[in-house]
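Now for the letters of each chain:
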Amino acid sequence: MKYLLFLPAFLLSIICNSQSFFNPLSIPPTLTGTNFNLTVAPSTHTFYGSTATPTYGINGSYLGPTLIMNKGDSVSIAVTNNLTQTTSIHWHGLHIPASTDGGPHSPIPAATTWNIGYKVLNNASTFWYHPHPHQNTATQVYMGLAGMIIVKDTVEAQLNLPRTYGVDDFPVVLQDRSFNANGTFNVEALADSMIVNGTANAYLDCPAQVVRMRLLNGSNVRSYNLGFSDNRSFYVIASDGGLLSQPFQVTRLKISGGERYEILVDLTASIGNSFYLTSFASAFGNIEPGGGGMANGNSPLNAVDFPIMQLNVVAATANPVTQIPSSLISVTPLQTVNANRTRNKTLEGNGMFTNMGNFTINNLPFDMMYINDTVLLNDTEVWQFTNNSNLAHPMHIHDISFYIVDRNGNAPPAHEAALKDVFYIMPNEIVRVIMKFEDFANDTIPYMYHCHNLMHEDNGMMAQFIVISDPLGSNDETSSNEEITVYPNPASGEVILKWKDALPGNAQVVVYNAVGQIVCTETMSSGTMNLNSLQWNNGIYFISFVQDKKVVWKKLIVNH
């Protein structure tokens, strides 16, 4: 087994003994309740020795506090941006309105405060927050802008699980970073040093009992193949969006960018032992971020097994959890027979992890002004992703959590059988996911879906969708209570669009098919417009009228 430990080049330290893990793991502070105040600001943070690294932090010098929320609570959040550049904050994995989701359409300019509120609807699980500004996500995350979110609920509270934060329930934020000789960050895709919760050379004293680790891959690009140096088994109990039906025993767990897993480790018989949380990256192929080959560059962490953090087993706490539960919750995936439609997403491009490439979704680079998909509220959809590119990608969908239906026609492994919001897809692989778009509709503010390789995302491997309420179906010319009438409906040829009163300036008319593809774009300059439906296939279409930032939707049925 290739097994190496690498520290920053500016320290000239490449050492392989237990004394190299001499910094106690930092446990981020918590914020609880229903009102959260977050301040994003420049700072400095000491990772190695006495060298101060310029960073960005949230209520601190690097990373942000862990936000603890309860399902069903209505929370208020104020985010103040004290940077000299625009940022945003995305609440990754939370099911919230598009106006509060924090994507690139919700910028927070310098010296301003973003005040939002939402109801916590997610089940108990581990989520996170990070910036999502247009074409600047990777750098801002690299500089330190990220934090964990823990959602609690009454179902999880009934289980005999470790849940004392920082005592037997540990946040573990995995990131790789590179440093220049003066201690500043060298922002690159695959770095040469590991930090955990902002701590380099970290060790953690764990009590001799069952402990819980909330694993978050907060790296910009790198994936990890996690296990322990003594090859002990551990148990996966939750993925991105919630608990599994029962603990799943493994010795290795692959985690790609943006993914979260909660694991239980039984240390009841290990008091006095020390071992390492390790990435067994020698198992990665050249097509995975952190593997070997030209696509991954020359980071010394690539394609080798390396320790991430030392674990020291100390005395148990009072009233410890000492058993792995046999079951957790009932998990009932959505069924494809109930899906309203299937959308096909093809990942294209050829390039590297180190210098991006021409990666796209359905051959379209991201365009802030282009809506790739229009989804109907309360619809259940299957999205089929086909990876025709040369590299693996972690794919993330905003707004909802989904179930993985299958991978190349095979059922997903047990640890992927619960709700997720990120999935890892290999070249030549086909992955189907199913989700229901509930609760929130917004005609103008979209949600994103994208590769969570942040370099790929910033370089255009992202698309967006809006969720709309099902527009009214049939209209006829006698309708008087609508601003727009569309007739005849159903249509078999010419379609007439009529504005109720005098049109106050030009309107943009866009026609979408049932899977959100644009089939027609016109400018309406008078109160009436004619369209020819003969050029469209039979089916359901949605027509949007945009005039002076106001949007009106109509549904049209075409039946030749």
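Coordinates for the structure precede this section.
Residues numbered from 1 in each chain as written. Predicted model: local features only at pLDDT ≥ 70, side-chain atom pairs only at ≥ 80, totals over all residues. Heavy atoms only, no water.

We now examine the nonpolar core. Ranked by size, the top nonpolar core spans 47 residues in total, and within it V172, L174, I263, I308 and M309 carry the most contacts. Broken down by element, the residue count for this core peaks at 5 residues, all from strand β22 (residues 305–314). Among all residues touching I308, those that are not within four sequence positions of it are F21, L174, M194, V196, Y224, L226, L277, T278 and S279. Counting 43 residues, the second largest nonpolar core, distinct from the first, contains Y62, L67, W114 and M143. (Core = buried A, V, L, I, M, F, W, Y, C linked by side-chain atoms within 4.5 Å. Buried < 20%, exposed > 50% of the residue type's maximum accessible area, 1.4 Å probe, protein only. Helix = DSSP H or I, 4+ residues; strand = E, 2+ residues; numbered from the N terminus. Contact = heavy atoms within 4.5 Å.)

Time to look at the side chain of S106. Within the element layout of this structure, S106 appears in the loop between β7 (90–92) and β8 (112–119). Discounting chain neighbours no more than four positions away, the residues touching S106 are T87, S88, A98, S99 and W114.

What follows is about the packing of aromatic side chains. Taken as a whole, this structure holds 23 aromatic pairs when the rule is applied. Taken together, a centroid distance of 6.2 Å and an interplanar angle of 40° make the contact between Y449 and F465 tilted. With Y449 in strand β31 (residues 447–451) and F465 in strand β32 (residues 462–468), this residue pair connects regions lying 16 residues apart in the sequence. With respect to class, Y449 is no different from F465; both count as buried. Pairing Y512 with W553 gives two aromatic rings, centres 5.6 Å apart and planes at 35°, and the pair type is tilted. Of this pair, Y512 sits in strand β35 (residues 507–512) while W553 sits in strand β39 (residues 550–558); the two residues are 41 residues apart in sequence, bridging distant segments of the chain. Both residues of the pair, Y512 and W553, count as buried. (Phe/Tyr/Trp six-rings, centres within 6.5 Å; stacked < 30°, edge-to-face > 60°.)

What follows is about the sheet that holds strand β11 (residues 169–177). Within the open sheet, the 7 strands sit side by side as β13-β12-β11-β15-β20-β17-β18. Their pairing is mixed. Each having just a single partner strand, β13 (199–200) and β18 (242–250) make up the two edges of the open sheet. In this sheet, strand β20 (residues 260–266) lies alongside strand β15 (residues 210–217) in antiparallel orientation, the contact comprising 7 bridges. From the neighbouring strand, L216 faces β20, where its bridge partner is R260. (Pairing = 2+ DSSP bridges.)

With that out of the way, let us pick up the pattern of salt bridges. Applying the stated criterion to the full structure yields 21 salt bridges. Two residues, R163 and E156, come together in a salt bridge whose shortest N-O distance is 3.2 Å. Across the pair R212 and D169 runs a salt bridge, and its minimum N-O distance is 3.9 Å. Of this pair, R212 sits in strand β15 while D169 sits in strand β11, and the two are 43 residues apart along the sequence. One network of salt bridges, with partners in common, ties together E156, R163, D169, R212, R214 and E262. (Salt bridge = Lys/Arg side-chain N within 4 Å of Asp/Glu carboxyl O.)

Moving on: the environment of L364. Following the sequence through the fold, L364 ends up in the loop between β24 (360–361) and β25 (373–376). With near-sequence residues (within four places) excluded, L364 lies in contact with Y370, N372 and G460.

Right, let's talk about the sheet that holds strand β33 (residues 484–487) for a bit. Spatially, β33-β34-β37 is the arrangement adopted by the 3 strands of the open sheet, whose pairing is antiparallel. Both outer strands of the open sheet, β33 and β37 (528–532), are each paired with one neighbouring strand and no more. Taking each pair of neighbouring strands and ignoring which way they run, the sheet shows an average axis angle of 20°. Looking at chain direction, strand β34 (residues 494–499) and β37 are connected through 5 bridges and run antiparallel. Opposite L497, over in β37, you have M529 as the bridge partner. (Axes fitted to C-alpha atoms, helices over the stretch in contact; angles between N-to-C directions.)

This part takes up the environment of K119. Tracing the sequence through the fold places K119 in strand β8. We classify K119 as partly exposed; its relative accessible area is 44%. In this structure the C-alpha to C-alpha distance between K119 and Y56, which are 63 residues apart in sequence, comes to 28 Å.

What follows is about the side chain of H130. Looking at the secondary structure, you find H130 in strand β9 (residues 125–130). On the basis of relative accessible area, H130 is assigned to the buried category, the value being 0%. There is a polar contact of 3.4 Å between the side chain of H130 and the side chain of H92. Those residues in contact with H130 that lie beyond four places of it in its chain are S88, I89, H90, H92, V141, L145, A146 and H452. (Polar contact = N/O pair within 3.5 Å; in protein donor to acceptor, adjacent residues only side chain to side chain.)

Another point: the environment of K254. Here K254 lies in strand β19 (residues 253–255). In the structure, K254 is positioned 27 residues away from A281 in sequence and 9.4 Å away in space, judged by C-alpha atoms. For K254, the side chain forms a polar contact with the side chain of E288, separated by 2.9 Å.

For residues that are not glycine, phi is negative in most cases, and the peptide bond is trans in most cases. A cis amide bond links Y487 to the next residue, P488, at an omega of -10°. Inspection of the secondary structure assignment puts P488 in the loop between β33 and β34. Unlike most non-glycine residues, N428 shows phi in positive territory, near 65°. In this fold, N428 is placed in the loop between β29 (422–425) and β30 (430–436). Classification of N428 by relative accessible area gives exposed; the value is 68%. Phi is positive for D439, close to 80°, though the residue is something other than glycine. Relative to the helices and strands, D439 is located in the loop between β30 and β31.

Right, let's get into the pairing of β11. Burial analysis of β11 places 9 of its 9 residues in the buried class, which makes it a mostly covered element. As defined by bridge partners, β11 adjoins β15 across 6 bridges and the pair is classed as parallel. From the neighbouring strand, V172 faces β15, where its bridge partner is L215. Strand direction decides the pairing type here: β11 and strand β12 (residues 193–196), joined by 4 bridges, are antiparallel. Bridge pairing in β12 places R177 opposite S193.

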